[in-house]
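So you can see what is in the structure, the chains are spelled out below.
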Amino acid sequence: MRRAMIWLACLVAAASWAEPPDGWFEFVIPMIAQDSIVDVARYNAGPAGASGFVRIEDGRFVTGDGERIRFLGTNLTFADAFPEKERAPEIARRMAALGINIVRFHHLDRHHAPRGIWDPAYDDHQHIDAEQLDRLDWLIYQLREHGIYSNINLHVSRQFTEADGFPDPDLRPRYDKGLNYFEPRMIELQREYARELLTHVNPYTGNAYVDEPCVAMVEITNENSAVRFALGRELHTLPEPYATTLRALWCEWLEEQYGDTEALRAAWDGGSEPLGDEMLRDPELEQGVDEWVLEAPSPAEAVLETMEDSERGRVIRAELTNPGAQHWDFQVHQRGHTFEDGRPYTLSFAAKADPPREIHVSIRHDAPDWRMAGLDETIELGEEWREFSLTFMADDPLPDNTRLSFNNRNVLGEVWYADISLRPGGVYGLAEDQSIEQGDVELPTASAVPQAHTDWLSFVMELERRYTTEMYELLKDELGLQAAVTNTQATYGGAAGLLRESRMDYIDTHAYWQHPHFPGTPWDPGEWFIRNSPMTAELGDDTLTRLSMYRITDMPYTVSEYNHPAPNDYRAEGMPMFAAFAGLQDWDGVFQFDYGAHPEDWTESRVRSYFRMESDPAALAMFPVAANLFRRGDVPAASESATLLLPRGRIAEFVREHGNTAGPLWSQAGIEREDALRRRLYVDWTSEDEPKLMTNGGADARDPVQWWSEEDDGGVFVVDTPNTKVLLGPIAGRAFELDGVRFDIGATGNGYAAVALTSMDDRPLAESEQMLLVALNGVENQQMGWNEERTTVRREWGHGPTICEGVPVTVSIDGNRDLSAWALAGDGTHKAEIAGRAEEDIRVDVEYETIWYELSPR
């Protein structure tokens, strides 16, 4: 069989900056030229919804004519969802060219105009701005005309204020999450907003959104789980009048379950005993902090000392002055304690923090695997002293090697601790002075009697069930909404999230690889960092295999937010990994987060923030590849499957045991995350008492997606299908022989690269007459202000145009004719033909600065 060969070696010409990195060049992706090889708008056949409403058949989305539809999407947020009307057609046209066929409208409800939907003539968040709504209508119409559906989010970041009649917004959970599952007036205002927005008639389509075929999905509330807050202490520390409202609902539920206090006390009796002697060494801090250990590994910088406080006397002061790499890199411990398994203990202390923060308090093994040994509490600290008393039952402690630990969450600033006491004994159950009849039963925490904590989680799950059922019935029954509905992301709430969302039309999730961490003020643009490592090297600790554990049998599955955020050096891996894995798992929709604005001038295009892709070649360059992998279906679904059957009646128990994750349930059933590379994973329900695993299907003859672990081969991700080949990871300087195609990758600055070859005429590569080769590594702005560890640029994002690192590649294709190659400009048009010799093996030396190439027969 004849083998045609293309050799692509990117030789960089003189650049316009003082000291350019070797192998880098300016490259910008503006508007995509119509009918260029990178233009995949043909996948959007006709206006969105032209054949009728998207509906669900056999657990999949289908169009009005019954054809399956997969969604490749992005998000528009804040002001970007309300562009000037003259820009809307360009936005729609560019998105369609990239292969996008759905847009999720997100954060509409955060701000007043021009950044949000609320009318600035009013201080409240209850009056929709007419001009903003008109801009939204026009954009949705333009998207529809380009074959792009809409996903409308209702509650995302609406934060009620005093102007709305809700006191203490700064003391409530951010965006009122958790709280808006049970606060009656918040729920009613949410219902009013849904009525007003969704029954509004778009003048350009002529339809109300409840009757608009181009609206495929509606999301009730974003990343919002009362169960998740119940696992911490956000619901325990609500201000009035919300705390009283929640306590009344809790006691009503307890009365329904137990009838009276006597029965409740018996059910919650975990054993009690008088408090014993102090266990802590030097509890009065006479020796300063000699008995305490500060854990703050480099690059973290912190101090631990004692000081005199006017209220509390001698106290411990811990301050983080430079953040660490992990969220646990600022801890204070006292080590070397012995606990008696199954005996109650009481920890009491006072604490405060500046700035306020969430801390984690635990009794745990002081050796790998560092497992919890009875106390596992998350606590909210403010700037004023608060007192805490936590009674817990010791659970499998290590003799002489168990520690008390305060994890201060790697947040810059100070934390103070006073009056710390650890003693055996305490009341482990319902306190004597509490009763259902008085309505003062405290909200249990994670260290409470197991039955009490399980009851608490069951109660909060019931709050979620009521809210989601009532909102779903409003949308579907009262308003007549045709679009599919989900409540929130199934990953929020662990096993309870799966149960909650199983009552909706489809399942949705979110994930980010190395989301930026803000050690001080949340979202402070001047103080953040990322780990900045490739996901290809971390199979099993990655985002994608985790997501695979949250799909429900016979329900469509989407991931409506996903990103490998900038300025991660390896983020070009993100879209092809996402699309390929989604195809393997047979998911129904994948959304990049987020698109960003549409600049007036593309020539100075630059990476503008962590998530926005509109001018980031690392994300944009691989979108046509992602469209082929997922929408065209180049990656076939895995033939094997595994279904985890969970007993509905034990979900609260599972959440108590495993918290905000379902992963351990899979592990206990014998399925590890790596199994998602060869099996489609599902969750379903059983009437039996124990979880059960069901598997079916035979092994694939050939794995279309391979992920070689770091130990085996450096962490390389491979897609090997007839129409598309992808190589990601430390592939520079190496050769790879895939099925019918050989790649010889040249050197890059860090040894990594992202390379893809895909047929653009729907034929196998051996027969294709139009192929796109994508080859790049890093992408960044010019003169970015990296720190020494290369984990942040703070506010110094640099300037445009963006620069890319080219990757030398030799591609040899079995069975194809003699090939010619073109270097492409950022808009996909031919930049220059790559010269070569007309011999059996054509070798073409490329001297053009590009990451896109077109290959075709001569």
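Definitions and limits used
Residues numbered from 1 in each chain as written. Predicted model: local features only at pLDDT ≥ 70, side-chain atom pairs only at ≥ 80, totals over all residues. Heavy atoms only, no water. Helix = DSSP H or I, 4+ residues; strand = E, 2+ residues; numbered from the N terminus. Rg over C-alpha atoms; globule rule 2.2 N^0.38 Å. Buried < 20%, exposed > 50% of the residue type's maximum accessible area, 1.4 Å probe, protein only. Areas by Shrake-Rupley, 256 points an atom, 1.4 Å probe, with all protein chains shown as cover. Lys, Arg positive; Asp, Glu negative; His and termini not counted. Charge placed at Lys NZ, Arg CZ, Asp CG, Glu CD. Pairing = 2+ DSSP bridges. Axes fitted to C-alpha atoms, helices over the stretch in contact; angles between N-to-C directions. Phe/Tyr/Trp six-rings, centres within 6.5 Å; stacked < 30°, edge-to-face > 60°. Parallel < 35°, antiparallel > 145°, perpendicular 65-115°, else oblique. Left-handed = near helix turned anticlockwise from the far one by under 90°. Contact = heavy atoms within 4.5 Å. Nonpolar A, V, L, I, M, F, W, Y, C, P; charged D, E, K, R; others polar. Patch = residues over 30% accessible without salt bridge, like charges linked within 9 Å, V, L, I, M, F, W, Y side chains within 5 Å. Salt bridge = Lys/Arg side-chain N within 4 Å of Asp/Glu carboxyl O. Expected span 1.5 Å × (residues − 1). Core = buried A, V, L, I, M, F, W, Y, C linked by side-chain atoms within 4.5 Å. Arc of directions from axis to C-beta. 1 Å grid on protein atoms, 1.4 Å probe; cavity = no way out; pocket = protein on both sides within 12 Å on 5 of 7 lines; lining within 4 Å. Points joined across faces, edges and corners; volume = space filled by probe spheres on them.

Asker: Looking at this structure, I do not really get the overall build of the protein chain. What am I missing?
Answerer: In terms of helices and strands, the protein chain carries 15 helices and 39 strands. Scaling as 2.2 N^0.38, a compact globule of 858 residues should have a C-alpha radius of gyration of about 29 Å, and the protein chain matches this with 28 Å. Out of the 858 residues belonging to the protein chain, those deemed buried represent 61%. For the protein chain, the exposed area adds up to about 31000 Å²; of that, 44% sits on carbon and sulfur atoms. Counting 76 positive and 149 negative side-chain charges, the protein chain places the averaged centre of each group 4 Å from the other.

Asker: Before we go on, may I ask you to explain the sheet that holds strand 14 (residues 331-337) in this structure?
Answerer: Two modes of strand pairing occur in sheets, parallel and antiparallel, and in both the strands are linked by backbone hydrogen bonds. Spatial strand order, 11-14-19-16-17: five strands in an open sheet with antiparallel pairing. Edge strands, defined here as strands with exactly one partner in the open sheet, are strand 11 (293-295) and strand 17 (372-381). Across the sheet, the mean angle from the axis of one strand to that of its neighbour is 20°, orientation sign disregarded. Bridge count between strand 16 (residues 357-365) and strand 17: eight bridges; the pairing is antiparallel.

Asker: What am I meant to see in the packing of aromatic side chains here?
Answerer: Two descriptors summarise a pair of aromatic rings, namely the distance from one centre to the other and the angle between the planes of the rings. Enumeration over the complete set of coordinates arrives at 41 aromatic pairs. Summarising the aromatic geometry, the rings of Phe-339 and Tyr-345 are spaced 4.9 Å apart at their centres and angled 75° between planes, so their arrangement reads as edge-to-face. What makes Phe-339 buried here is its relative accessible area of 7%. Arranged with centres 5.7 Å apart and planes meeting at 25°, the rings of Trp-528 and Trp-797 form a pair that is stacked. You can see Trp-528 sitting in the loop between strand 22 (507-512) and helix 9 (544-547) and its partner Trp-797 sitting in the loop between strand 34 (771-782) and strand 35 (799-806), a full 269 residues away along the chain. An aromatic cluster is defined as three or more aromatic residues linked by ring pairs; in this entry it consists of Tyr-512, Phe-518, Trp-523, Trp-528, Phe-593, Tyr-610, Phe-611 and Trp-797.

Asker: Help me out: how do you make sense of the packing of helix 5 (residues 242-258) against helix 7 (residues 450-478) in this one?
Answerer: The geometry of a pair of packed helices is captured by two quantities: the angle between their axes and the separation between those axes. The contact between helix 5 and helix 7 brings their axes to 10 Å, and the two run at 110°. Compared by their axis directions, helix 5 and helix 7 come out roughly perpendicular. In the packing of helix 5 onto helix 7, the handedness of the crossing is right-handed. Contacts from Leu-246, Leu-249, Trp-250, Trp-253 and Tyr-258 in helix 5 reach Gln-451, Asp-455, Trp-456, Ser-458, Phe-459, Glu-462 and Leu-463 in helix 7. By residue class, the composition of the contact of helix 5 with helix 7 is eight nonpolar, two polar and two charged.

Asker: Quick question: what am I supposed to make of a negative patch on the surface here?
Answerer: On the surface, Glu-252, Glu-255, Glu-256, Asp-260, Glu-262 and Glu-437 cluster together to form a negatively charged patch. When residues of the negative patch are assigned to their parent elements, the largest contribution, three residues, is made by helix 5. Along the chain, Glu-262 turns up in helix 6 (residues 261-267).

Asker: Would you explain helix 5 in this entry?
Answerer: Because each turn of an α-helix spans 3.6 residues, side chains separated by three or four positions end up pointing in the same direction. For helix 5, spanning 17 residues, the distance from its first C-alpha to its last is 24 Å, which sits close to the expected 24 Å at 1.5 Å a residue. Among all positions in helix 5, only Tyr-242, Leu-246, Leu-249, Trp-250, Cys-251, Trp-253 and Leu-254 are buried. Buried positions along helix 5 lie against helix 3 (184-198), helix 6 and helix 7. Count one or two residues on from helix 5 and you reach Gly-259, which has phi positive near 85°.

Asker: Honestly, the nonpolar core in this entry has me stumped. Any pointers?
Answerer: The nonpolar side chains of a soluble globular protein tend to be buried with one another. Counting residues in each nonpolar core, the largest one holds 183 residues, and the members touching the most others are Phe-105, Trp-250, Trp-456, Leu-475, Ile-651 and Trp-852. The greatest single-element share of this core, amounting to 11 residues, is contributed by helix 7.

Asker: What is the right way to look at the pattern of salt bridges in this model?
Answerer: Opposite charge on two side chains allows them to pair when their charged atoms are near. According to the stated counting rule, one finds 57 salt bridges in the structure shown. Taking the shortest distance from any N to any O, the salt bridge between Glu-291 and Arg-281 comes out at 2.7 Å. With Glu-291 in the loop between helix 6 and strand 11 and Arg-281 in the loop between helix 6 and strand 11, this residue pair connects regions lying 10 residues apart in the sequence. Among the residues examined, Arg-281 registers a relative accessible area of 30% and is labelled partly exposed. One salt bridge connects Asp-588 with Arg-551, and the closest N-O pair in it is separated by 3.7 Å. A residue pair is termed long-range when its members are at least 10 positions apart, and Asp-588 in the loop between helix 10 (574-585) and strand 24 (589-592) and Arg-551 in the loop between helix 9 and strand 23 (557-563) qualify at 37 residues. Owing to a relative accessible area of 4%, Arg-551 belongs among the buried residues under this scheme. When salt bridges that share partners are traced, they join Arg-60, Arg-68, Arg-70, Arg-551, Asp-586 and Asp-588 into one network.

Asker: Explain helix 13 (residues 651-658) here, please?
Answerer: Along helix 13, the positions that sit buried rather than exposed are Ile-651, Ala-652, Phe-654, Val-655 and His-658. The buried residues of helix 13 occupy an angular sector of 160° when projected down its axis, which confines them to one face. Residues of helix 13 that are buried in the fold lie against helix 4 (226-231), helix 7, helix 8 (495-501), strand 25 (640-647), helix 14 (663-668) and strand 26 (679-686). Downstream of helix 13 by one or two residues, Gly-659 has phi in the positive range, about 70°.

Asker: Help me out: how do you make sense of empty space enclosed by the protein in this one?
Answerer: Enumeration according to the criterion identifies three cavities of 30 Å³ or more in this entry. Of the pockets and cavities examined, the largest cavity occupies roughly 140 Å³. If you trace the largest cavity, you find 17 residues lining it, with Asn-563, His-564, Arg-571, Gln-592 and Ala-619 closest to the centre. At the level of elements, strand 23, helix 10 and helix 11 (617-620) are the ones that each hand at least two residues to the lining of the largest cavity. Each pocket or cavity is described by its volume, and for the second largest cavity that value is around 70 Å³. Asp-569, Tyr-570, Ala-572, Glu-573, Leu-728, Gly-729, Tyr-752, Ala-753, Ala-754 and Asn-777 together form the lining of the second largest cavity. At the level of secondary structure, the elements contributing two or more residues to the lining of the second largest cavity comprise strand 30 (724-729) and strand 33 (753-759). Of the residues contributing to the lining of the second largest cavity, the split by class is six nonpolar, two polar and two charged.

Asker: Even after reading the chapter, I still don't get the sheet that holds strand 26, so can you show me in this structure?
Answerer: Pairing in this open sheet of three strands is mixed, and the strands run 26-25-27 from one edge to the other. Single-partner strands in this sheet number two, and they are strand 26 and strand 27 (692-696). Each strand axis lies, on average, 20° off the axis of its neighbour in the sheet, ignoring direction.

Asker: Explain the layout of surface pockets here, please?
Answerer: Over the atoms, a rolling probe the size of a water molecule traces out where space has been left empty. Counted as a void, the second largest pocket has a volume near 710 Å³. Along its surface, the second largest pocket is lined by 30 residues, and Ser-389, Gln-434, Glu-442, Leu-443 and Thr-445 are the ones closest to its centre. Considering each element in turn, the lining of the second largest pocket owes the most residues, six residues, to strand 18 (residues 386-393). Looking at the lining of the second largest pocket residue by residue, the classes come out as 14 nonpolar, 10 polar and six charged.

Asker: Where do I start with unusual backbone geometry in this structure?
Answerer: Most of the time, phi is negative for any residue but glycine, and the peptide bond is trans. The amide bond that connects Asp-354 to the next residue, Pro-355, takes the cis arrangement and shows omega of 0°. Tracing the backbone shows Pro-355 in the loop between strand 15 (344-354) and strand 16. With a phi close to 55°, Asp-168 is a non-glycine residue in the positive phi region. Position of Asp-168 among the secondary structure elements: in the loop between strand 7 (149-155) and helix 3. Judged by relative accessible area, Asp-168 falls into the partly exposed class, the value being 32%.

Asker: Got a minute to help me understand the side chain of Asp-119 in this structure?
Answerer: Examined against the element boundaries, Asp-119 turns out to sit in the loop between strand 6 (102-106) and helix 2 (130-145). We note that Asp-119 is buried and unpaired, the nearest opposite charge coming from Arg-158 at a distance of 13 Å. Setting aside anything within four residues of it in sequence, one finds Asp-119 in contact with His-112, His-127, Ile-128 and Asp-129.

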